[in-house]
Amino acid sequence: MVSAVPLLKDEIARRGLRIAGAALAEPATRRFELAAIQGRIVELSAGTSSAALTAALVLVGEAQRKGETAAWLTARGASFFPPDAAALGIDLAALVVVRVPEAQDVARAADRLARSGGFGMVVLDLGATPATDNRQPTTSRVPVPLLSRLGALAQRHNMAVVFLTKGDAAGSLGSLVSLRAEVVRRRAKSGRFAVSVEVVKDKRAGPGWRHVEVFYGPAGLR
Amino acid sequence: MDRLVCVDLLDLPERLREHEHRGWRGEGYRRALDEAAAVLRGFSPRVEISDDEPGIFFMDVSGLQSLYKSASQWAAALSGALVAAGHEHRIAVGFSRFGVYAVVKNQPSAISHQPSAGPNPNSKLPIVFRSPAAERAAALRVRLARFPLPPDALEALKRLRVVTVGDLLALPADDLLARYDDEVYRFHRFASGERDLPLSPQRPEEEISEIIEVDPPDDNAMRLLFMLKQAMPSLYERVAKRHKVAAGVALELSFGQSAKLYTVVRLARPSRDEGVLMDLIRLRLDTLELPDLVREIRATLIPAAEEPEQLLLVDRPARDPAAAERALARLRTEFGDHAVVRARLRERHLPEHRFVWEPVARVAPAQPVPAGLAGTLVRRLYASPLEVSSCQLPVASRQSPVATHDSRLQPSAPVLVPTAFLGGPYRLSGGWWRRPVERDYYFVETRRGEVLWVFYDRVRRRWFLHGRVE
């Protein structure tokens, strides 16, 4: 039971013992892929050195390769840079982007799309507002009844509903999220970056697992 | 104001290509062409759609002097409407068919619009000629390479130093027919005015509309909806008589003292189902802010040919694209036509011009490129670059490689000091023909680990945050 790891670690420390094997010391590795998030509400939290936007777009690319229709919902102030998304292999002509006036409207628009059952993946980019508009916590932008309805619709239509939020656990969307991960970007050798999706909550498989992928920086970033 | 106008809608050929396959043109082709022509007909009833070159339109503006003070004012109004409709365009107002066509083809930049950023400041205004002589002189100077002529013929003419329209017209037409392609001969006749045929405008179909008098005047969305509902059967009957179905409805709400509000509701797919349209009208009426009590409603149904459902012999996809399109139509109704878009990449220099958001109505099956071994990180781009002073970036030290670059900044502005310098400067420039833009882009890392994409505007001498790597 991976979910018991933190409790076991505490117990071992309390008794003054040491861990004999490496199984409990390192988080388990699993693939963070579309199959793992279908039918669920997923929250990708972005800290300051994050790559949540990249991780979400990688999932969009995977959804497209599996024949699913994907939609990206965002406020008008900012968006992913489309040439970078195209470089990830995403077919921009088939990616529906819904740009609403305010971040508060993103979840309402997602509800409309989710009800149709016509989409296999919906990404709600709540971290899109420019740096000057960070005062409002992302949680206040998604009312709980709406989140609950999105969860039910995700399950009914086997659809992945991915939220991109900013901040730590305190700023999380809450208990209705089925999987929550923090996406951390670290500099690796030769101008590459290791992007680690560290799952801190998983109602199906338990928390504590992670998935690591290597990326290059955009042109000009060394 | 007896003038002839040529309008080139640069984005239209690409939109039309989506509905064309090996010479076969689908219903969407005609619809896209008609929609573009409808915008132009708002400014002149005489609009000719070019069969030879998709995107080219000719218009006659004679008799409009009582509505517009000058041809320039008319052209500016037309340009504004085309910008609002999302068309990248070029306009020339002159006297002869070839003259305006040649000048339009010679315009270096188009007038375009980014919904979030407003009209493109780097674009040119419509060209309006005051005399036929000025127009002719301008047309003769246009290089032949600007026209869709066969490349072989262009190359052969260039070797003979025949590079402009004037050079070509100096040659005898019969000799051109003997030596070059048929197209060169026809172009010569067109340029010399021999093929200056009168305008042959297409007649638009009569509108299918109903006027509903709201008595007593009312502003309750639900009551207005029910009044519209009563008018719908008659509108649907009339559209059915034309063997067509409804693609949407245009509503014109009149308030007292000639104040009017105009809104268009479009269906995801043309349909006979009245209920789907009523549902979208309800959403639109809910979102409209009515300035006064409504006294009259004019409802005009937009007709379209019915699209036959294609029988699928292979497995049906698990998702219903029609349901997805209905949901998108609802979002368009609720948040506006520019809310549902897709990105189209363009060959431009400045980051914000390297793509354009274009409205999307249909959900297309994806054709993604297989994923490579290692992808690239994605940047988040701000619609309007933020001045660094408002971004809480760490402030000031002269040792910074970036700060030394910025000696002429205003003393009050904060100076950028990254903790790590990850790339740059990469100079991007553009708009030299109108408003020069010169930027030095850098990737910098803050002490919190953020990788920011900033630029120094060399013209304005200010720093801006344009995005971040996420």
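Above this text you will find the structure in question.
All values reported here derive from a predicted model rather than from experimental measurement.

**Q** What's the story with the interface of chain B and chain A in this structure? I'm lost.
**A** On the chain A side, the residues contacting the 58 residues of chain B number 69 residues. Between chain B and chain A lies a buried interface of about 5700 Å² when both sides are counted; carbon and sulfur atoms form 60% of it. As a salt-bridge pair, Arg108(A) and Glu334(B) come within 2.6 Å of each other at their nearest N and O atoms. With eight residues, helix 12 (residues 321–335) of chain B is the largest single contributor of residues to the side of chain B that touches chain A. Split into classes, the residues belonging to the side of chain B that touches chain A amount to 37 nonpolar, eight polar and 13 charged. Bridge count between strand 3 (residues 78–80) of chain A and strand 17 (residues 379–387) of chain B: three bridges; the pairing is antiparallel. Bridge pairing links Ser79(A) to Leu381(B) in strand 17 of chain B.

**Q** Please explain a negative patch on the surface as it appears in this structure.
**A** All names here are of chain B. On the surface, a cluster of negative charge is contributed by Asp152, Glu155, Asp181, Asp182 and Glu183. Contributing elements (two or more residues each) for the negative patch: helix 6 (151–159) and helix 9 (182–192). Assessed through its relative accessible area of 37%, Asp181 is described here as partly exposed.

**Q** So what exactly am I meant to see when it comes to empty space enclosed by the protein here?
**A** Over the atoms a probe the size of a water molecule is rolled, and this reveals where empty space is left. Evaluated as defined, the whole model comprises two cavities of 30 Å³ or more. In terms of lining, the largest cavity is formed by Val264(B), Val265(B), Arg266(B), Arg284(B), Ala329(B), Arg332(B), Thr333(B) and Asp337(B). Its residues assigned to classes, the lining of the largest cavity comprises three nonpolar, one polar and four charged. When its volume is computed, the second largest cavity comes out at roughly 30 Å³. The wall of the second largest cavity is formed by Ala46(A), Ala52(A), Leu53(A), Gly127(A), Leu164(A), Thr165(A), Lys166(A), Arg380(B) and Glu470(B). Looking at the lining of the second largest cavity, the elements that each hand over two or more residues are helix 3 (52–65) and strand 6 (160–166) of chain A. Ranked by the residues each element gives to the lining of the second largest cavity, the list is headed by strand 6 of chain A, at three residues. The residue makeup of the lining of the second largest cavity, split by class, is four nonpolar, two polar and three charged.

**Q** For this particular structure, what's the right way to read the sheet that holds strand 6 of chain A?
**A** In a beta sheet, neighbouring strands are held together by backbone hydrogen bonds and run either parallel or antiparallel to one another. Taken in spatial order, the 11 strands of this open sheet run 15(B)-14(B)-4(A)-2(A)-5(A)-6(A)-1(A)-7(A)-8(A)-9(A)-16(B), and their pairing is mixed. The open sheet has two edge strands, strand 15 (355–359) and strand 16 (375–376) of chain B, and neither has a second partner. Here helix 3 of chain A sits on the sheet and contacts strand 1 (41–46), strand 2 (70–75), strand 5 (121–125), strand 6, strand 7 (179–187), strand 8 (192–202) and strand 9 (210–216) of chain A together with strand 16 of chain B; the angle it forms with strand 5 of chain A, its principal contact strand, is near 165 degrees. On the sheet, helix 5 (residues 104–116) of chain A packs against strand 2, strand 4 (96–100) and strand 5 of chain A and is oriented at approximately 160 degrees with respect to strand 2 of chain A.

**Q** Any chance you could explain the pairing of strand 1 (residues 4–9) of chain B here in plain terms?
**A** All names here are of chain B. Counting buried positions over the six residues of strand 1 gives six, a clear majority of the element. Across the two faces of strand 1 the burial is the same, with Leu4, Cys6 and Asp8 and Val5, Val7 and Leu9 all buried. Two elements, strand 1 and strand 5 (residues 56–60), share five bridges in a ladder whose sense is antiparallel. Across the sheet, Leu4 pairs through a bridge with Asp60, a residue of strand 5. Relative to strand 6 (residues 89–94), strand 1 runs antiparallel, the two being bridged by six bridges. Counterpart to Leu4 in the pairing with strand 6 is Gly94.

What counts, and at which threshold
- Residues numbered from 1 in each chain as written.
- Chains lettered and ligands numbered in written order.
- Predicted model: local features only at pLDDT ≥ 70, side-chain atom pairs only at ≥ 80, totals over all residues.
- Heavy atoms only, no water.
- Contact = heavy atoms within 4.5 Å.
- Buried area = accessible area lost by both parts, 1.4 Å probe.
- Salt bridge = Lys/Arg side-chain N within 4 Å of Asp/Glu carboxyl O.
- Helix = DSSP H or I, 4+ residues; strand = E, 2+ residues; numbered from the N terminus.
- Nonpolar A, V, L, I, M, F, W, Y, C, P; charged D, E, K, R; others polar.
- Pairing = 2+ DSSP bridges.
- Patch = residues over 30% accessible without salt bridge, like charges linked within 9 Å, V, L, I, M, F, W, Y side chains within 5 Å.
- Areas by Shrake-Rupley, 256 points an atom, 1.4 Å probe, with all protein chains shown as cover.
- Lys, Arg positive; Asp, Glu negative; His and termini not counted.
- Charge placed at Lys NZ, Arg CZ, Asp CG, Glu CD.
- Buried < 20%, exposed > 50% of the residue type's maximum accessible area, 1.4 Å probe, protein only.
- 1 Å grid on protein atoms, 1.4 Å probe; cavity = no way out; pocket = protein on both sides within 12 Å on 5 of 7 lines; lining within 4 Å.
- Points joined across faces, edges and corners; volume = space filled by probe spheres on them.
- Axes fitted to C-alpha atoms, helices over the stretch in contact; angles between N-to-C directions.

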